[in-house]
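Overview (structure and organization)
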Amino acid sequence: MTAIIIEDEPLAVTELESVLHEIAPEIEIIARLDSVRVSVKWLKENPVDLIFSDIHLGDGQSFDIFRQVSVKVPVIFITAYDEYALQAFKNQGIGYILKPFDKQEISQALENVKNWFVKEQSTGGQSVADAAYQERFLVQMGARIKSVPVNEVAYFMADGKYLMLYTFEGNGYVVDQTMGGLEVRLEPRSFFRVNRKFIVNYQAIKDMIRYSNSRIKIILSPAAPEDMEVIVSNERMKEFKEWLNR
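Scope of this entry: the structure provided in the associated data block. (Residues numbered from 1 in each chain as written. Predicted model: local features only at pLDDT ≥ 70, side-chain atom pairs only at ≥ 80, totals over all residues. Heavy atoms only, no water.)

**Here we look at the overall build of the protein**
If you tally the helices and strands in the protein, you get eight helices and 17 strands. Projected onto its principal axes, the C-alpha positions of the protein cover 50 × 45 × 35 Å. Counting the 246 residues in the protein, one finds 51% classified as buried. In the protein, the share of contacts with a sequence separation of at least 24, taken over all contacts with a separation of at least 6, comes to 54%. (Helix = DSSP H or I, 4+ residues; strand = E, 2+ residues; numbered from the N terminus. Buried < 20%, exposed > 50% of the residue type's maximum accessible area, 1.4 Å probe, protein only. Contact = heavy atoms within 4.5 Å.)

Here's what the structure looks like:
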């Protein structure tokens, strides 16, 4: 599999290549591009299987690239900013990883890529989003194992080193995924990551209340554990409103 890295920070390029060499040596990095202008020119002239891309570049955002070039391959976004996830999904995003990234998140994103290629071959071609959405979640309850359909999921909550899945019935389960890896596996019309701790299903939003600094407080049903407040972060407000008004 061939890949390119669009990133203007040399240290980030080196770190990403080191991780890929360790966990996915079959991926061949054939180009390292550091600007919108150079990336547009390269993509117009060359084929590639996978793109790793930062969002903020010296001469603009990587989204500017995809407005100028029709990209049909998966893109794994690696960025220090969490407010562009929805926009990333609209631009072939199959992974959205926050810096500093770790091997587990990269591995999960690459698993999404593999699944996309398998389904793309079996169906004769489809969008990245359609191929990536997860339909069920395997959870464990002591010695028992259960598969929870995605339409039964009210929200996900990061709780320390664990990621919890809560159903509309109010049951909570630990899921073996990361927030970054999970975010791109959920259908974005139904789920939205409102902050670093919560990804919510639209159907679980019982009420919304104006909060300080023009933010929004979400009342969930079932309620968040221990009456935890669910506040849309400043960085996600614009996209959250777009999501509600789509």
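The rest of the description comes next.
**Concerning the environment of proline 225**
As for its placement among the helices and strands, proline 225 is situated in the loop between strand S16 (216-220) and strand S17 (230-231). Taking relative accessible area as the criterion, proline 225 reaches 22% and is therefore assigned partly exposed. In contact with proline 225, other than residues within four places in its own chain, are Tyr155, Met157 and Tyr166.

**Some thoughts on the side chain of arginine 193**
Here arginine 193 is to be found in strand S13 (residues 191-193). One polar contact links the side chain of arginine 193 to the main-chain carbonyl oxygen of asparagine 195, over a distance of 3.2 Å. (Polar contact = N/O pair within 3.5 Å; in protein donor to acceptor, adjacent residues only side chain to side chain.)

**Brief notes about the sheet that holds strand S10 (residues 153-159)**
Each strand in a sheet pairs with its neighbour through backbone hydrogen bonds, running either in the same direction (parallel) or in the opposite one (antiparallel). In space, the five strands of this open sheet follow the order S12-S11-S10-S14-S13, with antiparallel pairing throughout. Each end of this open sheet is capped by a strand with a single partner; those strands are strand S12 (172-175) and S13. Ignoring strand direction, the axes of neighbouring strands in this sheet form an average angle of 20°. Inspection of the sheet shows strand S11 (residues 162-167) paired to S12 by four bridges, in the antiparallel sense. Following the sheet pairing, leucine 165 is matched in S12 by tyrosine 173. (Pairing = 2+ DSSP bridges. Axes fitted to C-alpha atoms, helices over the stretch in contact; angles between N-to-C directions.)

**Quick word on the pairing of strand S8 (residues 136-141)**
Sheet topology note: the S8/strand S9 (residues 144-149) ladder contains six bridges and is antiparallel. The partner of leucine 138 across the bridge, within S9, is serine 147. Count of turn residues in the S8/S9 antiparallel hairpin: two residues, of which glycine 142 carries a positive phi of about 65°.

**Some thoughts on the packing of aromatic side chains**
The description of an aromatic ring pair rests on the distance of the ring centres and on the angle between the ring planes. For the structure shown, the criterion picks out ten aromatic pairs. Relative to phenylalanine 240, the ring of phenylalanine 192 lies with its centre 5.6 Å away and its plane at 55°, an arrangement referred to as tilted. Of this pair, phenylalanine 192 sits in strand S13 while phenylalanine 240 sits in helix H8 (residues 237-244), and the two are 48 residues apart along the sequence. Here phenylalanine 192 matches phenylalanine 240 in class, with each residue buried. Site record: aromatic cluster; members linked through ring pairs are Phe192, Tyr202, Phe240 and Trp243. (Phe/Tyr/Trp six-rings, centres within 6.5 Å; stacked < 30°, edge-to-face > 60°.)

**Side note on the pattern of salt bridges**
One pass over the full model with this rule turns up 13 salt bridges. The partner of arginine 193 in a salt bridge is glutamate 183, and the shortest N-O contact between them spans 3.2 Å. In this pair, arginine 193 sits in strand S13 while glutamate 183 sits in helix H7 (residues 179-183), placing the two residues ten residues apart along the sequence. Across the pair, glutamate 183 and arginine 193 agree in class, each one buried. The partner of lysine 238 in a salt bridge is glutamate 242, with the nearest N and O atoms 2.7 Å apart. Of this pair, lysine 238 and glutamate 242 both sit in helix H8, four residues apart, which is roughly one turn of that helix. Look at lysine 238 and you get exposed, because its relative accessible area is 61%. The exposure class of glutamate 242 is partly exposed, given its relative accessible area of 36%. (Salt bridge = Lys/Arg side-chain N within 4 Å of Asp/Glu carboxyl O.)

**Examining the nonpolar core**
Formed by 27 residues in total, the largest nonpolar core has its most connected members in Ile4, Leu43, Ile51, Ile65, Val71, Phe77 and Tyr96. Of all the elements in the fold, those that place two or more residues in this core are strand S1 (2-6), strand S2 (28-33), helix H2 (36-45), helix H3 (63-68), strand S6 (75-79), helix H4 (85-89) and strand S7 (93-98). The element that contributes the greatest number of residues to this core is H2, accounting for four residues. Sequence-distant contacts of leucine 43, that is, excluding residues within four places in its chain, are made with Ile4, Val48, Ile51, Ile65, Val69 and Val71. Ranked by size, the runner-up nonpolar core spans 22 residues in total, among them Ile5, Leu50, Ile97 and Ala109. (Core = buried A, V, L, I, M, F, W, Y, C linked by side-chain atoms within 4.5 Å.)

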